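Structural overview for review
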Amino acid sequence: MERLKTNALSKSYGGTHALKDISMDIIAGEVHALCGENGAGKSTLIKILSGVERPDTGKVHWRDAPLPLGKVDAIEAHGVVAVHQEPVIFPHLNAVDNLFVGREHAMACGIWLNQASMRKQTQNILATLGEALSVTEPVGEMSLAQRQMVSMARALIHQCRILILDEPTASLSARESASLFGRINVLKEQGVGILYVSHRLEEVFKLADRVTVLRDGASVGTWAIKDLNRDTLIKHMVGREVPVAPPTSSPNVKPTKQPVIEVSALCRKGAFNDISFHIQPGEILGMSGLVGAGRSEIARALFGVDRFDSGNILYGGRTWTSLTIQDAIAHGIAMVPEDRQLQGLVLPLSVETNLLLPSLANHECFRGLDQGTMRSTAGDLVTQLGIKTESPSKPAESLSGGNQQKIVIGKWLHTHPTLLILDEPTRGVDVGAKSEVHRIIQALAAKGTAILLISSELPEILSLSDRIMVLCGGCNQGILSRQEATQEILLRRSLPTDSGRDI
Amino acid sequence: MKGGIRKVFAYMVRYRAAGLFLFIFCLLTLVTLVNPTFLEWQNLRDIAVQAAPICIISCGLMLVLVTGEIDISVGSMMGLLAACMGAMASLSRGNWPPGVVIPLTLGIGMLLGLLNGWLVAYAGIPSIIVTLGMLTALRGVTELIMAGTWITDLPSGIRFLGTGTWLGIPVSVWTALAVFLVSLWLVHQTAIGKRIYAIGSNPHAARLAGLPIKPIKVFVFAWTGLLTGVATLVSVPQLSVVDSGIGVGLELLVITCVVVGGTAVNGGIGNLGGVLCGVVLMTMISTVLIFMKLGEDATYWSRAIQGLFILGAILADHWISNQRKT
Ligand SMILES: Nc1ncnc2c1ncn2[C@@H]1O[C@H](COP(=O)(O)OP(=O)(O)OP(=O)(O)O)[C@@H](O)[C@H]1O
Ligand SMILES: [Mg+2]
């Protein structure tokens, strides 16, 4: 039988046992979900299966023959291909080079690259993924979701037999996710075995045939999906009974006050058009829409990262027609950006430093920085958010994806922003930590911070926001109150209509 | 109208080769107006001969910068290679035939590059440290070999590499042209070229994609070493005296050319056309100053202007990356 079988895999980084004695198998034609909290070892297992890392001990068998460990190209040649959590993207190269670097097509005895054939295949694969991307533009200039698609396409140009997906939907919205699920089902019919990692449990229940749960690097067990329900799965992941209550709605009746920010007729050519809204102190305004609807672009304009062409922002008693990041920070605007690796973190610096960067001024004393309070503040944040790290002095890049995300949120908690912009704050964060993040967002709002929340997860938007603005193709499709909004309405409004509004 | 000028300017800054080309053209026009003899064949030939070895090394060094590393040892390397070549070829010392001296010089260059690359990729020492060490060490070895003496008696076979011509064009210029064409092929038409860019563009992703990062880094350093050997062979025989001071400060000139040519100091970006324009521009400047009739001050000016250019190039890079964001 065609299957990929791991045999007692172990791996440690310094003092961290990232994986202990993992034995599991993936059978051709099944979707096998891999679940676990942040830092459970999922990505580490995937790095071993795809040859990026070499295990300390253990073996992997494919079709009953041992797989060459630690060699990405040899493993890919066997048809075992992975899409990693952080997209494999070379920002300065175009899509063709991104897809083919490392497996170039050569001709004339290898002295000349076959550009035409590579370009043709790139166009084909992008077309089957339903993406109309330019193949000459540098990939770094595309949106995060488009980059994710390029990274996916890189895996799919292979005739794969085992496809490993590490949180592929983390930066996709409902529609792209649906097209990905369609693709997964097609592959499954063709007898491809799929290992699927996601923190969105509804996806796991929708797609998977079997589930393996990891906890603290060890395997808890493998179950057929029909033997599990949401609560038992969470129990296996966390190791104890946790009532993950849906976030309780904060009292919605807020006296109308002077808005913190009033945006009128904001435009930026090619990104968004005629956007007007206001947020009051203590209010959470949700922003919903498909990927590419212009949500992040608006957030970036409010934070002064991008310019806007026309319109103005009334904020802090001033009317701004242009704004820089320095202005934004000086006037109490904080932002959790979409891309943690490129924009949210200083990867080589320690967890502690990353957590304290925005609030360094709080720790200034007559001798410079007060190391003692800094250490204790950082320590508190680490415990509060459940950031899994060997010590706060480890570099941020050694943390698992979800734990990195927790730093990006955590660093704003000790500043007291007037306006907090959250762009996909719970991307890649596990169930337990997600409700903690929700709790924190609500606590901040209760203290009077105005919050702009961008999220592709409809339940998150629906349960947290006081009002919800839906965007489509850069245009405001209306602002709904919490009572009016339902998943169906949000989805319907976020889909482009036939009349096709152009910007 | 203002928007139009802005657009043209943005294009020039973004496509460095085009911008530099225009700049060189304007400069040429200006100098010719002041002093028409600038465009004489003899002068242009001199500039080309001066530019050739710089161009040869720049083609290698650009690839080092594209991978995100740096090599500041090429000046001392050229010094050592010149001493070795001199000692092997000189009539009074080795008196070995060119057929032996040429491959040996190239081989030593490549070995030194390999050593740089190995220390960076496999021993994991930052390239700035490795090559800074080499910069000092190789100069020391050169002084040991030369032991305070000079070599003046290079055989005619070796001399030909520096001073000979073919179809009226100096051998060194032909060689630079060949190296440039080979580099174009390497960058655009080979797997290794694409991988060099990928590694510099995103090292994390390169690891996940399983690219052979270490061998590629060794390759770019070895290639630079080899090209430094080539540059030595075509430039040093032009000199009447080979001493232990050849190539001092060369690394800075080469890095300036590469960076002015639009290569990003932190990897991922680099364009051979831009680098070639950078080389031509930087070698022209000193000549231009002489022709602008600045007299004595010309040499002082040329240093200052080089510095301004490197700052200007970095500012332009900065400006581009801001433009991209907005
Ligand atoms: N390069 C590294 N150096 C040190 N520790 C590491 C490194 N990579 C991973 N770890 C540690 O190994 C553990 C497992 O990490 P892994 O990335 O596999 O988690 P994960 O299950 O994928 O989590 P997430 O859901 O957040 O992505 C974590 O504790 C992490 O800190
Ligand atoms: Mg992970």
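Residues numbered from 1 in each chain as written. Chains lettered and ligands numbered in written order. Predicted model: local features only at pLDDT ≥ 70, side-chain atom pairs only at ≥ 80, totals over all residues. Heavy atoms only, no water.

**Concerning the overall build of chain B**
- Along chain B, the regular secondary structure elements total 14 helices and 2 strands.
- On C-alpha atoms alone, chain B measures out to a radius of gyration of 20 Å, which is about the 20 Å that the 2.2 N^0.38 rule sets for 326 residues.
- Along the first, second and third principal axes, the C-alpha atoms of chain B reach 70 × 55 × 35 Å.
- Looking at chain B as a whole, 51% of its 326 residues are labelled buried.
- Relative to all contacts within chain B whose residues are 6 or more apart in sequence, the contacts with residues 24 or more apart total 79%.
- Carbon and sulfur atoms make up 72% of the accessible area of chain B, which totals about 14,600 Å². (Helix = DSSP H or I, 4+ residues; strand = E, 2+ residues; numbered from the N terminus. Rg over C-alpha atoms; globule rule 2.2 N^0.38 Å. Buried < 20%, exposed > 50% of the residue type's maximum accessible area, 1.4 Å probe, protein only. Contact = heavy atoms within 4.5 Å. Areas by Shrake-Rupley, 256 points an atom, 1.4 Å probe, with all protein chains shown as cover.)

**Remarks on the overall build of chain A**
- Helix and strand counts for chain A stand at 17 helices and 24 strands.
- In terms of C-alpha radius of gyration, chain A reaches 23 Å, essentially the compact-globule figure of 23 Å for 503 residues.
- Summarising its shape, the C-alpha atoms of chain A cover approximately 70 × 55 × 50 Å along the three principal directions.
- When contacts within chain A are restricted to residue pairs at least 6 apart in sequence, long-range pairs at least 24 apart make up 66% of them.
- Counting every atom, chain A has about 20,600 Å² of accessible surface; 52% of that belongs to carbon and sulfur.

**Description of helix α13 (residues 272-291) of chain B**
- End to end, α13(B) covers 28 Å across 20 residues, agreeing with the expected 28 Å (1.5 Å per residue, within 8%).
- Counting buried positions over the 20 residues of α13(B) gives 15, a clear majority of the element. (Expected span 1.5 Å × (residues − 1).)

**Here's the deal with the interface of chain B and chain A**
- Taken together, the contact pairs 26 residues of chain B with 30 residues of chain A.
- One can count 3 salt bridges joining chain B with chain A.
- Residue Arg207(B) pairs with Glu53(A) through a salt bridge whose shortest N-O separation is 3.0 Å.
- At the level of secondary structure, the elements contributing two or more residues to the side of chain B that touches chain A comprise α8 (171-189), α9 (191-201), α10 (203-208) and α14 (298-325) of chain B.
- When residues in the side of chain B that touches chain A are grouped by element, the largest group, 6 residues, is from α9(B). (Salt bridge = Lys/Arg side-chain N within 4 Å of Asp/Glu carboxyl O.)

**As for the coordination of the magnesium ion (ligand 2)**
- Bound to the magnesium ion (ligand 2) on the protein side are Ser43(A) (OG) and Gln85(A) (OE1), at distances that span 1.9 to 2.1 Å. With a gap of 42 residues between them, Ser43(A) in helix α1 (residues 42-49) and Gln85(A) in the loop between β6 (80-83) and α3 (95-100) connect regions that are remote in the sequence. (Donors = N, O, S within 2.8 Å, 3.2 Å for Na, K, Ca; no water.)

**Focus: the site of ligand 1**
All names here are of chain A.
- Around ligand 1 sit 20 residues in total, of which Lys 42, Ser 43, Thr 44, Ser 400 and Gly 402 are the nearest.
- Within the contact set of ligand 1, an oxygen atom lies 2.8 Å away from a backbone nitrogen or oxygen of Gly 39.
- Separating an oxygen atom of ligand 1 from a side-chain N or O atom of Thr 44 is a distance of 2.5 Å.
- Look at ligand 1: alone it shows 640 Å² of surface, and the protein chains cover 87% of it.
- Listed by contribution, the elements that provide at least two residues to the shell around ligand 1 are β2 (16-27), α1 and α14 (401-410).
- Both domains that furnish three or more residues to the shell around ligand 1 are identified here as domain 1 (3-238) and domain 3 (348-416). (Near = heavy atom within 4 Å. Polar contact = N/O pair within 3.5 Å; in protein donor to acceptor, adjacent residues only side chain to side chain. Domains from an automatic or database assignment.)

**Regarding unusual backbone geometry**
Residues and elements named next belong to chain A.
- Positive phi, normally seen in glycine, also occurs at Asp 64, with a value near 65°.
- Positive phi, normally seen in glycine, also occurs at Asp 274, with a value near 50°.
- By secondary structure assignment, the location of Asp 274 is in strand β14 (residues 272-279).

**Notes on the packing of aromatic side chains**
- All chains considered together, the criterion is met by 3 aromatic pairs over all chains.
- With centroids separated by 5.7 Å and ring planes inclined at 85°, the aromatic side chains of Phe23(B) and Phe309(B) adopt a geometry described as edge-to-face. Here Phe23(B) is found in helix α2 (residues 16-34), whereas its partner Phe309(B) is found in helix α14, with 286 residues between them in sequence.
- By relative accessible area, which is 40% here, Phe23(B) ends up partly exposed.
- With a relative accessible area of 19%, Phe309(B) lands in the buried category.
- The ring of Tyr13(A) has Lys11(A) lying over it, and the distance from NZ or CZ to the ring centre is 5.4 Å.
- The ring of Trp320(A) carries Arg318(A) above its face, with NZ or CZ at 3.9 Å from the centroid. (Phe/Tyr/Trp six-rings, centres within 6.5 Å; stacked < 30°, edge-to-face > 60°. Lys NZ or Arg CZ within 6 Å of the ring centre and 35° of its normal.)

**A short note on the pattern of salt bridges**
Residues and elements named next belong to chain A.
- For the coordinates displayed, the defined rule picks out 24 salt bridges over all chains.
- A salt bridge links Lys 434 to Glu 457; its shortest N-O distance comes to 3.1 Å. Residue Lys 434 is located in helix α15 (residues 431-446), and its partner Glu 457 is located in the loop between β22 (450-454) and α16 (458-464); the two are separated by 23 residues in the primary sequence. There is no split in this pair, since Lys 434 and Glu 457 are both buried.

**With respect to a nonpolar patch on the surface**
- Residues Met107(A), Ile111(A), Trp112(A), Val182(B) and Trp185(B) make up a contiguous nonpolar surface patch of about 430 Å² in total accessible area.
- By secondary structure assignment, the location of Trp185(B) is in helix α8.
- Classification of Trp185(B) by relative accessible area gives partly exposed; the value is 31%. (Patch = residues over 30% accessible without salt bridge, like charges linked within 9 Å, V, L, I, M, F, W, Y side chains within 5 Å.)

**Considerations on α14(A)**
- Counted residue by residue, α14(A) has 10 buried out of 10 residues, so it is predominantly covered.
- Contacts from the buried residues of α14(A) go to β18 (333-336), α11 (340-344), α12 (351-356), α13 (371-385) and α15 of chain A.

**Observations regarding the nonpolar core**
- Core analysis: the biggest nonpolar cluster contains 99 residues, and Phe90(A), Ile56(B), Met62(B), Leu63(B) and Leu211(B) have the highest contact counts within it.
- Of all the elements, helix α3 (residues 41-66) of chain B adds the most residues to this core, at 14 residues.
- Contact partners of Leu211(B), with chain neighbours within four places excluded, come to Phe90(A), Val101(A), Gly102(A), Arg195(B), Ala198(B), Ile199(B) and Ala206(B).
- Within the second largest apolar cluster, 37 residues are counted, among which are Ile89(A), Cys160(A), Leu165(A) and Tyr196(A). (Core = buried A, V, L, I, M, F, W, Y, C linked by side-chain atoms within 4.5 Å.)

**Looking at the pairing of β18(A)**
Residue and element names in this part refer to chain A.
- Every second residue of β18 is oriented toward a common face, with Ile 333 and Met 335 on one face and Ala 334 and Val 336 on the other, all of them buried.
- Of the strand pairs in this sheet, β18 and strand β21 (residues 419-423) are connected by 4 bridges, and their pairing is parallel. Along β21, the bridge assignment pairs Met 335 with Ile 421. (Pairing = 2+ DSSP bridges.)

**Thoughts on the domain arrangement of chain A**
Residues and elements named next belong to chain A.
- Once the domains are mapped, chain A shows domain 1 (3-238), domain 2 (261-332 + 417-502) and domain 3 (348-416).
- One C-alpha centre belongs to domain 1, the other to domain 3, and the line joining them spans 31 Å.
- Buried surface at the junction of domain 1 and domain 3, summed over both partners, amounts to about 540 Å²; 33% is from carbon and sulfur atoms.
- If you sort the residues of domain 1 by the area they bury against domain 3, Asn 38, Gly 39 and Gln 85 come out on top, with a joint share of 63%. (Buried area = accessible area lost by both parts, 1.4 Å probe.)

**A closer look at the confidence of the model for chain A**
- Across chain A, the average pLDDT comes to 84, with 94% of residues at 70 or higher.
- Note on residues 498-503 of chain A: pLDDT under 50 across the span, and 10 contacts to partners over four residues away in sequence or across chains. (pLDDT = per-residue confidence, 0-100.)

**Digging into the packing of α3(B) against α9(B)**
All names here are of chain B.
- Interaxial distance between α3 and α9 falls to 8 Å at its minimum, and their mutual angle equals 40°. Here α3 is positioned oblique relative to α9, judged by the angle of their axes. Together, Met 62, Leu 63 and Val 66 of α3 and Ile 196, Tyr 197 and Gly 200 of α9 make up the contact between the two elements.
- Residues that form the contact of α3 with α9 fall into these classes: 5 nonpolar, 1 polar and no charged. (Axes fitted to C-alpha atoms, helices over the stretch in contact; angles between N-to-C directions. Parallel < 35°, antiparallel > 145°, perpendicular 65-115°, else oblique. Nonpolar A, V, L, I, M, F, W, Y, C, P; charged D, E, K, R; others polar.)

**A few points about the side chain of Lys434(A)**
- For Lys434(A), a relative accessible area of 12% puts it in the buried group.
- Non-local contacts of Lys434(A), meaning those with residues more than four positions away in its chain, are made with Thr426(A), Val429(A), Glu457(A) and Glu460(A).

**What to know about the packing of α3(B) against helix α11 (residues 213-235) of chain B**
Residue and element names in this part refer to chain B.
- Here α3 crosses α11 at 175°, and the two axes come no closer than 8 Å. In terms of orientation, α3 lies roughly antiparallel with respect to α11. For the pair formed by α3 and α11, the contact residues are Pro 53, Ile 56, Ile 57, Cys 59, Gly 60, Leu 61, Leu 63 and Val 64 on the first element and Val 220, Phe 221, Trp 223, Thr 224, Leu 227, Thr 228, Val 230, Ala 231, Val 234 and Ser 235 on the second.
- Of the residues in the contact of α3 with α11, the class split is 14 nonpolar, 4 polar and no charged.

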